[in-house]
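Chain residues, written in single-letter form:
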Amino acid sequence: MCLAVPAKVTTINGDEAVLDYGGVIRKANISMLSDVKVGDYVLVHVGYAISKMDEDEALETLKLWDEMLAAAQ
Amino acid sequence: MMQNTFNDKYTAARIIRKIKSISGKRKIKLMHVCGTHEQTITKNGLRALLPENIEVVPGPGCPVCITPAREIDKAIYLSHSGAIITTYGDMLRVPGGNSSLAREKAQGGDIRIVYSPFEAVEIAKRNPDKNIVFLGIGFETTAPMTAEVVKNAPPGNFSVLCSHRLVPPAMELLLKGGYDIDGFIDPGHVSTIIGTAPYVPLSEKYHISQVISGFEPLDVLMSIFMLLGQIKNNMAIVENEYIRAVKPEGNLHAQKLMRDVFEPCSKEWRGLPVIPDASLKIKPEFSDYDAEIRFDINPRINSEDYGAACGIDCPLCGNILKGLSNPADCELFGKACTPENPVGACMVSSEGTCNIAYRYGINQI
Ligand code: SF4
């Protein structure tokens, strides 16, 4: 039950959004996030979006990893 | 998109080479406190890739597993008194003192699985002449949702049996207990809510290295690498590997909901003792929605009958939740105790250590 799944926001209607989980469509409550837009990826937990997945941060992570791994001996 | 990026074999091999180069010889014990991390580690056979001196053990990270029998028995009592019990699916097979919600349902109890507390409120609206009790379990990842429905004026026939718990105080209990943990892989989803700050006092007080980790295999390997780097340099700080989902401040809206509706209290965890301030109860302003206050709950089982570990016949869950034993040590594993017929709570949920070991192979643990 703790599984939080990332999904893409396809439409927004007030506190409710329609999300695409790689083909599976479900609704979720987005009232816990302030700045969700169509096209964003969000993490959903028991019917509520709890966090935005940030694509820039994802790319940043990979760059950071590269630096950290290169620095380690 | 994002998922595939964090799943490539070349990077995995590179991280593992680096892990090997900095791991040293001394035995190092890392603990995670999240069932989803255990899934990632076991399913992908990550333990087998690590140097022999690096051990990764699961801690009390599955909310289903740590809900004590006594709290299940309260829900069963309310079901016997005619209420409709609603809860998450995994809770049905969790053993109570001498029954489970699944068994009560089979015998005619009105027990319904919901995906979200919101659905429990919908059931309450459709059944105005019945009491609807939501057995609210889970850590900081599900507590805000329970708070949200309580705060938004649900119908008068709705109430919550509050079994929510908090992760950092349980981590502190393990650190105090002297279980020789060298580093924590902090739970990514819990951290999306609470942010990084609640872990900092643990590093400061107990000199423990911590890395907040995501759930792809590469996330976990990278977090292990970062922890080993800290340990090698004698550092004890909180690093965030999962920056694509975890903001340093967490989810402020969710934190406020929790603060508005709940206050900390001290209760036992299954397999663990009473942990100070590691559980949540509903604040007096919302007592109309607190099942403990609304109903005179009196399960007819004496405290002594619950025993030391699970409160039932499971001999080892207590040690498994503290990272001291693994399922292979339990004589009931795979014999008397299976996912179809769980004896202990660790075998029930798909995030329970014994359940994961049963599905993916005990040699992975
Ligand atoms: S195998 Fe079953 S009885 Fe043994 S420790 Fe795990 S849950 Fe408990």
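Residues numbered from 1 in each chain as written. Chains lettered and ligands numbered in written order. Predicted model: local features only at pLDDT ≥ 70, side-chain atom pairs only at ≥ 80, totals over all residues. Heavy atoms only, no water.

Draft legend 1. Quick peek at the interface of chain B and chain A. Listed as interface residues are 48 residues of chain B and, on the opposing side, 37 residues of chain A. The contact between chain B and chain A buries some 3600 Å² in all, and 67% of this surface belongs to carbon and sulfur atoms. One salt bridge in this structure joins A:Asp66 and B:Arg14, with 2.6 Å as the shortest N-O distance. Seen at the junction of chain B and chain A, the total is nine residue pairs in polar contact (both at pLDDT 80 or more). Elements supplying a minimum of two residues to the side of chain B that touches chain A: α1 (2–5), α2 (9–22), α7 (117–126), β5 (132–138), α8 (143–151), α10 (188–194), α12 (217–232) and α13 (252–261) of chain B. Of the residues assigned to the side of chain B that touches chain A, the class counts are 25 nonpolar, 13 polar and 10 charged. (Contact = heavy atoms within 4.5 Å. Buried area = accessible area lost by both parts, 1.4 Å probe. Salt bridge = Lys/Arg side-chain N within 4 Å of Asp/Glu carboxyl O. Polar contact = N/O pair within 3.5 Å; in protein donor to acceptor, adjacent residues only side chain to side chain. Helix = DSSP H or I, 4+ residues; strand = E, 2+ residues; numbered from the N terminus. Nonpolar A, V, L, I, M, F, W, Y, C, P; charged D, E, K, R; others polar.)

Draft legend 2. Quick look at the pattern of salt bridges. Residue and element names in this part refer to chain A. Using the criterion set out here, one finds 19 salt bridges over all chains in the structure. Across the pair Lys-37 and Asp-40 runs a salt bridge, and its minimum N-O distance is 4.0 Å. Where Lys-63 meets Glu-60, a salt bridge forms, and the shortest distance between an N and an O atom there is 3.7 Å. Here Glu-60 and Lys-63 lie together in helix α1 (residues 55–71), a separation of three residues that amounts to about one turn. In this structure, a network of salt bridges that share partners links the residues Asp-35, Lys-37, Asp-40 and Lys-52.

Draft legend 3. Spatial organisation of the sheet that holds strand β8 (residues 209–213) of chain B. All names here are of chain B. A sheet is described by the order of its strands in space; here five strands give the open sequence β2-β1-β7-β8-β9, paired in parallel fashion. Edge strands, defined here as strands with exactly one partner in the open sheet, are β2 (54–58) and β9 (238–240). On average, adjacent strands in this sheet sit at an angle of 25° to one another, irrespective of strand direction. Bridge analysis of β8 against β9 gives three bridges, and the strand direction is parallel. Paired with Gln-210 across the bridge in β9 is Val-238. Set on the sheet, helix α9 (residues 167–176) makes contact with β1 (28–32), β7 (183–187) and β8; between it and β7 the angle comes to about 165°. (Pairing = 2+ DSSP bridges. Axes fitted to C-alpha atoms, helices over the stretch in contact; angles between N-to-C directions.)

Draft legend 4. Main features of the confidence of the model for chain B. Chain-level statistics for chain B give a pLDDT mean of 89 and a share of 93% at 70 or above. Interface predicted TM-score (ipTM) for the complex: 0.88; the corresponding pTM is 0.90. (pLDDT = per-residue confidence, 0-100.)

Draft legend 5. Just the packing of aromatic side chains, in detail. Residues and elements named next belong to chain B. Applying the stated rule across the entire model yields four aromatic pairs over all chains. Here the aromatic rings of Tyr-88 and Phe-134 are separated by 5.6 Å at their centres, their planes lie at 85°, and the arrangement is edge-to-face. One end of the pair, Tyr-88, is in the loop between β3 (84–87) and α6 (101–106); the other, Phe-134, is in strand β5, with 46 residues separating them in the sequence. Of the two residues, Tyr-88 and Phe-134, neither departs from the other in class, the shared state being buried. A centroid spacing of 5.9 Å and a plane angle of 85° characterise the contact between Phe-215 and Tyr-242, whose relative ring orientation is edge-to-face. Residue Phe-215 is found in the loop between β8 and α12, and its partner Tyr-242 is found in the loop between β9 and α13; the two are separated by 27 residues along the sequence. The burial state of Phe-215 is the same as that of Tyr-242; both residues are buried. (Phe/Tyr/Trp six-rings, centres within 6.5 Å; stacked < 30°, edge-to-face > 60°. Buried < 20%, exposed > 50% of the residue type's maximum accessible area, 1.4 Å probe, protein only.)

Draft legend 6. Representation of unusual backbone geometry in the model. All names here are of chain B. Phi angles above zero are rare outside glycine, and Ala-153 is one such case at about 45°. Within the secondary structure layout, Ala-153 lies in the loop between α8 and β6 (158–164). Despite not being glycine, His-207 shows a phi value in the positive range, around 45°. Within the element layout of this structure, His-207 appears in the loop between α11 (200–206) and β8. Given a relative accessible area of 47%, His-207 falls into the partly exposed group.

Draft legend 7. The arrangement of the packing of helix α3 (residues 35–43) of chain B against helix α16 (residues 353–360) of chain B in detail. All names here are of chain B. The interhelical angle for the contact between α3 and α16, taken along N-to-C directions, is 20°, at an axis separation of 10 Å. It follows from the interaxial angle that α3 and α16 lie roughly parallel. Note on packing geometry: the crossing formed by α3 with α16 is right-handed. Counted together, Gly-35, Glu-38, Gln-39, Thr-42 and Lys-43 of α3 and Ile-356, Arg-359 and Tyr-360 of α16 form the full contact between these two elements. Class assignment for the residues of the contact of α3 with α16 results in two nonpolar, three polar and three charged. (Parallel < 35°, antiparallel > 145°, perpendicular 65-115°, else oblique. Left-handed = near helix turned anticlockwise from the far one by under 90°.)

Draft legend 8. Quick peek at the sheet that holds β3(B). Residues and elements named next belong to chain B. Read from one edge to the other, the open sheet built from four strands follows the order β4-β3-β5-β6, with strand pairing classed as parallel. In this open sheet, the two strands that pair with only one neighbour each are β4 (111–113) and β6. Recorded for the sheet is a direction-independent mean angle of 25° between the axes of neighbouring strands. Where β5 meets β6, seven bridges bridge the pair, whose relative direction is parallel.

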